[in-house]
Amino acid sequence: METRTHAKGYVVARTGSFNQVLTFTPPPEAAAHELFHMLGIDHDEETAAALRRMARIRQLALENRRVGHDFFPAVASNGTVYRTCQAVDRRFGIDPSQTCLAEAGGDGC
């Protein structure tokens, strides 16, 4: 999980690291754990606070859908909300016009 926006992350669907072996974390549990981070929830956040944060994110996601944004909002640990892919790109300093996307018909650079 990247830590600036919590909008980008992945989980290995099988035991893929020594850390997973040492913690005995099964892949489904690891996936849920990382999903909570993508929702902006920290390790030490209390349940009630986490539920409020999830309700807020759900509301933001519904608002995005209503206005035609095909992006599930990301919330960083500091509370910053990223409502669009463009907002995440700006946070990382990515210029979409300079990004190579082979699946978008590009030459793969």
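In this text the structure is predicted, and so the values were computed from the model without any measurement.

Novice: Before we go on, may I ask you to explain the pattern of salt bridges in this structure?
Specialist: Where side chains of opposite charge bring their charged atoms close, a pairing between them can arise. Applying the stated rule across the entire model yields one salt bridge. Where glutamate 63 meets arginine 83, a salt bridge forms, and the shortest distance between an N and an O atom there is 3.0 Å. Of this pair, glutamate 63 sits in helix H3 (residues 47–66) while arginine 83 sits in the loop between strand E2 (81–82) and helix H4 (85–92), placing them 20 residues apart in sequence. On the basis of relative accessible area, glutamate 63 is assigned to the partly exposed category, the value being 27%. Relative accessible area serves as the criterion here: at 32%, arginine 83 is assigned to the partly exposed category.

Novice: Where do I start with H3 in this structure?
Specialist: Each full turn of the α-helix corresponds to 3.6 residues, which orients residues three or four apart in the same direction. The end-to-end C-alpha separation of H3 is 29 Å, in line with the 28 Å expected for 20 residues at 1.5 Å each. Within the sequence span of H3, burial applies to Ala50, Arg53, Ile57, Leu60, Ala61 and Asn64. One face of H3 carries all of its buried residues, which in axial projection span an arc of 105 degrees. The outward face of H3, more than 90 degrees from its buried face, is lined by the exposed residues Leu51, Arg52, Arg58 and Arg66. Those residues of H3 that are buried lie in contact with strand E1 (74–75) and E2. Glycine 68 sits one or two residues past H3 and shows a positive phi near 90 degrees.

Novice: I would appreciate a short explanation of the side chain of threonine 84 in the present structure.
Specialist: Inspection of the secondary structure puts threonine 84 in the loop between E2 and H4. Residue threonine 84 is classed as buried on the basis of its relative accessible area, which comes to 17%. Within the structure, the side chain of threonine 84 is placed 3.0 Å from the backbone nitrogen of alanine 87, a separation counted as a polar contact.

Each value, and the rule that gives it
Residues numbered from 1 in each chain as written. Predicted model: local features only at pLDDT ≥ 70, side-chain atom pairs only at ≥ 80, totals over all residues. Heavy atoms only, no water. Salt bridge = Lys/Arg side-chain N within 4 Å of Asp/Glu carboxyl O. Helix = DSSP H or I, 4+ residues; strand = E, 2+ residues; numbered from the N terminus. Buried < 20%, exposed > 50% of the residue type's maximum accessible area, 1.4 Å probe, protein only. Expected span 1.5 Å × (residues − 1). Arc of directions from axis to C-beta. Contact = heavy atoms within 4.5 Å. Polar contact = N/O pair within 3.5 Å; in protein donor to acceptor, adjacent residues only side chain to side chain.

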